[in-house]
Amino acid sequence: HIEEAYGLGSAMWLGTVLCGISVVSALVCGILNRRQEPHPLSWLEEEPSEIRLRDVTQFQGTFWILTFICMSFYAALLPFTSIASDYFHEKYGYTARIAGHMVSNVYNSSLVLAPLLGMLIDRIGLRAVLVTGASMVLVPSYFALTFSSWHPIGPMITIGLAYSMCTSSLWPSVPLVVRSKELGRALGLMQAFQNMGLAVTPLLVGSIRDSTNYHDAMILLSCIASVSLLLGILLNVLDLARGGTLNSSATRSKDEEDETFPHTNKAMHLPSQPYNTRVALSFPSGVQLGGREQNNDALSTRRLCAALKSPTCP
């Protein structure tokens, strides 16, 4: 609408304003985070370990499969949304305005479905199943757009469903397969592979489009989505062999994470009550605090009592 009414420059300025809002929001978020009161038990957390590049080789196989699913799924989806308007103009003769409406259905449906799927995952788990299901929905949607003359609104809505299923289940799966102290490295590595796919795929799509047409480019994207589907099946097989952590519910996943990657609260057996709850504290000799064994001396007890705001502090 803006491009037709005011020109491409005005549409670009709108995008610039939206990016500016994002930057301001990030700055405000950082300021609020610095002003936030530190966690009462932050002094008990593990000391930061040395960052070594070779540590990434110690990630589980499930993490690497998730990474390659991320790379292939987004490489199949996001380049499509970039060429969809031109593809609809070429195949259906749509104007730029109508084609834009068709493309927006992907994000409109995701706007509604993503929060609902997120709540569902919190309740039932099944993250690996939904990651695979996202590709199972995406592949036939591409086939429908490529090999049939159906109206595109249906496949575009199902593509939005696939997008919601993937984003709601893929990223929350990462903390379940890596240690907390390695989470930043894992997410950064996954993002790097995702960008790698997003850098290469548009080049291939553009090359195919210049030599043939968008039909063949859609076949390429369908093949990439099929790779994501095969990786999803492999993910479920491997997760099942490792105890089904990704497909477990939220409560069970937390318990399994404590067993696999011991955290401060697990080691201390702290009561699951607010920090200002009146509790009597008694620790056996050699209790583990934040992964470091400490003696049951008066100083340790007083510091922990103060953190819990307990009136029974010595």
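In this numbering scheme, every chain counts its residues from 1 along its sequence in written order. It should be noted that, the model being predicted, local features are given only for residues of pLDDT at least 70 and side-chain atom pairs only at 80 or more, the latter also being counted only at that level, while totals for whole chains, interfaces and linings use all residues. Excluded from the side-chain calculation are hydrogens and water; included are all heavy atoms of the structure.

1. Comments concerning the overall build of the chain
Part 1: Per the secondary structure count, the chain includes 11 helices and 2 strands.
Part 2: Numbering goes from the N terminus for both helices and strands, where a helix is a DSSP run of H or I of at least four residues and a strand is a run of E of at least two. Listed N to C, the secondary structure of the chain is α-α-α-α-α-α-α-α-α-α-β-β-α in terms of helices and strands.
Part 3: Two residues qualify as a contact provided that any one of their heavy atoms is within 4.5 Å of a heavy atom in the partner residue. Here the analysis covers contacts within the chain between residues at least 6 apart in sequence; of these, 78% occur between residues at least 24 apart.
Part 4: For the area figures, the Shrake-Rupley method with a 1.4 Å probe applies, and any residue is considered shielded solely by the protein chains shown. Summing over all exposed atoms, the chain offers an accessible surface of approximately 17700 Å²; the carbon and sulfur share of this is 63%.

2. Things to note about the packing of helix α3 (residues 61–92) against helix α4 (residues 96–124)
Part 1: With their axes 8 Å apart at the nearest point, α3 and α4 run at an angle of 155° to one another. On the basis of their axis angle, the class for α3 and α4 is roughly antiparallel. Between α3 and α4 lies a crossing of right-handed hand. Listed contacts from α4 to Leu78, Thr81, Ala84, Ser85 and Phe88 of α3 are Ala99, Gly100, Met102, Val103 and Tyr107. Interaxial angles span 0 to 180 degrees and are taken between N-to-C directions of axes, which are lines fitted to C-alpha atoms, for helices over the stretch in contact. For classification purposes, angles smaller than 35 degrees are called roughly parallel, those larger than 145 roughly antiparallel, those between 65 and 115 roughly perpendicular, and all remaining angles oblique. What makes a crossing left-handed is the near helix being turned counterclockwise from the far one by less than a right angle; a clockwise turn instead makes it right-handed.

3. Some details on the packing of aromatic side chains
Each aromatic ring pair is specified by the distance between its two centres and by the angle formed by the two planes.
Part 1: Within 6.5 Å between ring centres, the rings of Phe, Tyr and Trp (the latter by its six-membered ring) count as paired, and their orientation is classed by plane angle as stacked under 30 degrees, edge-to-face over 60, tilted in between. The final tally for this structure, using the stated rule, is 15 aromatic pairs.
Part 2: With 5.4 Å between their ring centres and 70° between their planes, Phe63 and Trp64 make a pair best called edge-to-face.
Part 3: Consider the rings of Tyr87 and Phe88, whose centres lie 6.0 Å apart with planes at 45°: the pair is tilted.
Part 4: The rule is simple: take the accessible area with a 1.4 Å probe, protein chains only, and divide by the maximum for that residue type; under 20% is buried, over 50% is exposed, in between is partly exposed. Taking the relative accessible area as the measure of exposure, Tyr87 reaches 2% and is therefore buried.
Part 5: Residue Phe88 is classed as buried on the basis of its relative accessible area, which comes to 0%.
Part 6: Of the aromatic side chains, those joined through ring pairs into one cluster are Phe59, Phe63, Trp64, Phe68 and Phe193.

4. Quick word on the nonpolar core
Part 1: In plain words, nonpolar cores are sets of buried Ala, Val, Leu, Ile, Met, Phe, Trp, Tyr and Cys residues tied together by side-chain atoms within 4.5 Å. Among the nonpolar cores identified, the biggest contains 56 residues, and Phe80, Phe88, Leu138, Tyr142 and Ile159 are the most heavily contacted of them.
Part 2: When contributions to this core are tallied by element, the ones reaching two or more residues are α3, α4, α5 (127–147), α6 (153–170), α7 (183–211) and α8 (214–241).
Part 3: It is α3 that contributes the most residues to this core, 15 residues altogether.

5. Quick word on the environment of Gly154
Part 1: Note that Gly154 resides in helix α6.
Part 2: Owing to a relative accessible area of 34%, Gly154 belongs among the partly exposed residues under this scheme.
Part 3: On a C-alpha basis, the gap between Gly154 and Asn105 in space is 9.1 Å, while along the polypeptide they are 49 residues apart.

6. Focus: unusual backbone geometry
Part 1: Positive phi, normally seen in glycine, also occurs at Leu126, with a value near 60°.
Part 2: Positionally, Leu126 belongs in the loop between α4 and α5.
Part 3: By relative accessible area, which is 32% here, Leu126 ends up partly exposed.

7. Let's talk about α6
Part 1: Helix span, expected: 1.5 Å multiplied by one less than the number of residues in the helix. Given a rise of 1.5 Å per residue, 18 residues ought to cover 26 Å, and the 26 Å separating the end C-alpha atoms of α6 matches this to within 8%.
Part 2: Restricting attention to buried positions, one finds in α6 the residues Pro155, Met156, Ile159, Gly160, Ala162, Tyr163, Ser164, Met165, Cys166, Ser168, Ser169 and Leu170.
Part 3: Contact partners of the buried residues in α6: α3, α4 and α5.

8. Things to note about the environment of Pro155
Part 1: Tracing the sequence through the fold places Pro155 in helix α6.
Part 2: Sequence separation of Pro155 and Leu138 is 17 residues, and the distance between their C-alpha atoms is 8.7 Å.

9. A look at α8
Each turn of an α-helix holds 3.6 residues, which means side chains three or four residues apart point in the same direction.
Part 1: Between its terminal C-alpha atoms α8 stretches 41 Å, which fits the 40 Å expected from 28 residues at 1.5 Å a residue.
Part 2: N-capping of α8 is provided by Asn213, with a side-chain oxygen placed 3.1 Å from the backbone N of His215.
Part 3: Immediately beyond the C-terminal end of α8, within one or two residues, lies Gly243, with a positive phi of roughly 105°. N or O atoms within 3.5 Å of each other form a polar contact, as long as, within protein, one can give a hydrogen and the other can take it, and as long as residues adjacent in sequence are counted only when both atoms are side-chain atoms.

10. A word on a nonpolar patch on the surface
Part 1: A patch consists of residues whose relative accessible area exceeds 30% and which take part in no salt bridge; residues with like charges are grouped when within 9 Å of each other, and nonpolar side chains (Val, Leu, Ile, Met, Phe, Trp, Tyr) when within 5 Å. We count a salt bridge whenever a side-chain nitrogen from Lys or Arg sits within 4 Å of a carboxyl oxygen from Asp or Glu. Judged by side-chain polarity, Ile2, Tyr6, Leu14, Val17, Leu18 and Ile21 come together as a nonpolar surface patch covering roughly 600 Å² of accessible area.
Part 2: When contributions to the nonpolar patch are tallied by element, the ones reaching two or more residues are α1 (2–6) and α2 (8–35).
Part 3: The leading source of residues in the nonpolar patch is α2, at 4 residues.
Part 4: In this structure, Tyr6 sits in helix α1.

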